Amino acid sequence: MDNRLGVIGGHPPQVTVSGYPLPAKPYPTTLTIDNTHYIVLDERPTVDVDAVVLELREMLSAVDVPPVEPVVMEADEVTDDTE
Amino acid sequence: MALSTSRGMAVGAYHLQVAKRNSSGYPVGQVADPETISNGTTMQPYLVRSLVSITPEERTYTTATNRGGMTVISQTTLGVDSLGTGSLVLSEYDETFLNFIRGTTLDTSTVDGFAMTASNIDQRNFPRLFIIGTQKFTDSIDGSDYYLNHVYTNAQIFHPSWVGLSQEGGVNPNPLTFTILPSKGTKNIDGRTLSASSGMYVVGASDTRVTIRSRYPLSFTSHKAASANTTYTLGYRPVYNTATGTADNSITKNGSTFAVSSVNTSTAVVTFTSGSDADFHVCVYQTEFVAV
């Protein structure tokens with residue numbers, strides 16, 4: 001995963017959006033990329049944040065895994081826990 | 001649990017938190033420009049860890065005296081004629097705080113190995129700030145401890161002197177003293193509008209300070225949402241997971257109470273039903289300042 005991306009409620013990113021070391025927690029300003037990922041903004045970013053966000057969103061959508069179809073068990077495969 | 005009217009001993013100087021205030025009256029953390037915030041941005045205040053003391057401002061009042069027949073017949077207060085200035089003292093030279101109140105940025109990139117701070121002597125536009133100073137409150141009626149959170153709703157902080165040098169030793173030999181210039185704000189720290197007809201019944205619907213008593217110290221997080229957003233993360237683990245918006249944690253959207261789906265006390269994630277672009281969320285929560 002891109003080292004600028006953090007997981008909401010999970011692993012933090014490794015650098016700010018401009019590539020600098022992270023500030024102390026809690027990160028002062030963060031930007032949600034999607035409902036799972038975020039980036040840490042610099043006080044004065046030295047990159048075009050909008051362009052980076054677009055790039056990261058495209059990257060994340062490209063690696064989206066299609067939802068797994070639920071497995072439907074045949075009637076004779078169903079086990080009875082009460083036995 | 002609802003608190004009832006009480007009295008007690010207010011002591012200590014535990015926490016100082018500062019956040020910029022935008023022109024709509026909301027706290028907006030440490031963003032560079034309070035008026036230009038991208039949708040999807042989550043903002044945290046800056047927690048100053050070296051608070052020594054806060055001296056409140058002294059307001060002055062205009063009074064009138066009715067004197068006749070060689071006696072004072074009556075006196076009355078006409079109103080405030082000055083809000084005064086307060087001060088705060090820190091034990092540390094705090095580069096984040098010094099740059100935050102000056103509108104400057106700590107420069108660590110021009111010269112690798114240098115961290116440079118300018119005095120910005122010609123600065124005219126000082127950030128408007130929310131300031132929370134927290135002290136302990138020992139209740140004389142139920143005998144337990146609470147916290148008093150003193151909130152400036154719209155203030156500026158400046159540093160009239162530079163850092164001193166001396167040969168002194170001992171405890172806090174070189175403290176830094178700052179001036180607090182209070183002004184009136186229209187919103188409380190929770191995003192709700194101050195009102196003359198409800199809540200605290202604030203005359204004129206604007207005020208300089210609000211004091212909030214709570215079981216644990218308060219912190220706050222702001223989130224300017226994008227329409228697809230369903231989460232934001234608090235700066236510290238909240239003590240309570242109450243999600244109603246009106247108990248234990250204050251949660252608002254666009255200044256009105258907003259019940260969320262959940263408040264996670266482990267991950268500090270607040271989950272809510274998606275809304276519209278630029279919805280402005282504020283969560284004021286009780287915490288022991290454990291960062292996630």
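See the structure printed just above.
All figures in this text were calculated on a predicted structure; none of them were measured in a lab.

S.K.: I keep staring at the overall build of chain B and nothing clicks. Help me out?
M.R.: Along its length, chain B carries 1 helix and 20 strands. Taken over the C-alpha trace, chain B has a radius of gyration of 21 Å; the compact-globule value for 292 residues is 19 Å, and the two agree within 12%. Overall, the C-alpha framework of chain B stretches about 75 × 50 × 40 Å when taken along its three principal axes. Each of the 292 residues in chain B was classed as buried or not, and the buried ones make up 44%. A separation of at least 24 residues holds for 68% of the contacts in chain B among residues at least 6 apart in sequence. As presented, chain B carries roughly 14100 Å² of accessible surface, and 49% of it is formed by carbon and sulfur atoms.

S.K.: Got a minute to help me understand the pairing of strand S7 (residues 86-90) of chain B in this structure?
M.R.: In summary, the side chains of a regular strand alternate between the two faces of the sheet. Residues and elements named next belong to chain B. Counting buried residues in S7 gives 4 out of 5 residues, a clear majority hidden from the surface. Sheet topology places S7 next to strand S10 (residues 176-182); 5 bridges connect them, and they run antiparallel. Each residue of the ladder has a partner; that of Leu88, found in S10, is Phe178.

S.K.: Can you help me understand the environment of Ala19(B) in this one?
M.R.: Residues and elements named next belong to chain B. Among the secondary structure elements, Ala19 is positioned in strand S1 (residues 8-20). On the basis of relative accessible area, Ala19 is assigned to the buried category, the value being 0%. As for Ala19 and Ser222, which are separated by 203 residues in sequence, their C-alpha atoms are 10.0 Å apart. Leave out the neighbours within four places in its chain, and Ala19 touches Pro27, Gly29, Pro45, Phe100, Arg128, Leu129, Phe130 and Phe220.

S.K.: It is not clear to me how the interface of chain A and chain B should be interpreted in this structure. Could you clarify?
M.R.: Listed as interface residues are 14 residues of chain A and, on the opposing side, 26 residues of chain B. Looking at the side of chain A facing chain B, the largest losses of area belong to Pro26(A), Asn35(A) and Glu43(A), adding up to 31% of the total buried there. The tally of links from chain A across to chain B stands at 0 salt bridges. The tally of links between chain A and chain B comes to 8 residue pairs in polar contact (both at pLDDT 80 or more). Residues of the side of chain A that touches chain B, tallied by class, amount to 6 nonpolar, 5 polar and 3 charged.

S.K.: I keep staring at the sheet that holds strand S13 (residues 231-233) of chain B and nothing clicks. Help me out?
M.R.: Pairing between the strands of a sheet comes from backbone hydrogen bonds, and it takes one of two forms, parallel or antiparallel. Residues and elements named next belong to chain B. Here 3 strands make up an open sheet; going across it, the order is S13-S19-S18 and the pairing antiparallel. Pairing within the sheet leaves two strands with one partner each, and these edge strands are S13 and strand S18 (262-263). In this sheet, strand S19 (residues 269-271) lies alongside S13 in antiparallel orientation, the contact comprising 3 bridges. Residue pairing for S19: Thr231 is matched across the bridge by Thr271.

S.K.: It is not clear to me how the nonpolar core should be interpreted in this structure. Could you clarify?
M.R.: Grouped burial of nonpolar side chains is what soluble globular proteins tend to show. Residues and elements named next belong to chain B. One finds Leu88, Leu90, Phe97, Ile131, Ile157 and Phe178 to be the most contacted residues of the largest nonpolar core, which totals 19 residues. Taken together, the elements giving at least two residues each to this core come down to S1, strand S3 (46-48), S7, helix H1 (95-102), strand S8 (129-139), strand S9 (145-158) and S10. If one sorts the elements of this core by residue count, H1 sits on top with 4 residues. Apart from the residues lying within four places of it in its own chain, the contact partners of Ile157 are Val18, Leu88, Phe97, Ile101, Phe126, Leu129, Ile131, Phe178 and Thr179. Counting 18 residues, the second largest nonpolar core, distinct from the first, contains Ala19, Tyr26, Val151 and Phe220.

S.K.: What am I meant to see in unusual backbone geometry here?
M.R.: Note: most peptide bonds trans; most residues except glycine with negative phi. Here the amide bond leading from Lys25(A) into Pro26(A) is cis, since omega sits at -5°, within 30 degrees of zero. Within the fold, Pro26(A) resides in the loop between strand S1 (6-7) and strand S2 (29-32). At Ala278(B), a position not held by glycine, the phi torsion is positive, near 70°. Topologically, Ala278(B) is positioned in the loop between S19 and strand S20 (280-291). For Ala278(B), a relative accessible area of 37% translates into the label partly exposed. The phi dihedral of Phe289(B) is positive, around 60°, even though this residue is not glycine. Counting through the fold element by element, Phe289(B) comes out in strand S20.

About the cut-offs
- Residues numbered from 1 in each chain as written.
- Chains lettered and ligands numbered in written order.
- Predicted model: local features only at pLDDT ≥ 70, side-chain atom pairs only at ≥ 80, totals over all residues.
- Heavy atoms only, no water.
- Helix = DSSP H or I, 4+ residues; strand = E, 2+ residues; numbered from the N terminus.
- Rg over C-alpha atoms; globule rule 2.2 N^0.38 Å.
- Buried < 20%, exposed > 50% of the residue type's maximum accessible area, 1.4 Å probe, protein only.
- Contact = heavy atoms within 4.5 Å.
- Areas by Shrake-Rupley, 256 points an atom, 1.4 Å probe, with all protein chains shown as cover.
- Pairing = 2+ DSSP bridges.
- Buried area = accessible area lost by both parts, 1.4 Å probe.
- Salt bridge = Lys/Arg side-chain N within 4 Å of Asp/Glu carboxyl O.
- Polar contact = N/O pair within 3.5 Å; in protein donor to acceptor, adjacent residues only side chain to side chain.
- Nonpolar A, V, L, I, M, F, W, Y, C, P; charged D, E, K, R; others polar.
- Core = buried A, V, L, I, M, F, W, Y, C linked by side-chain atoms within 4.5 Å.

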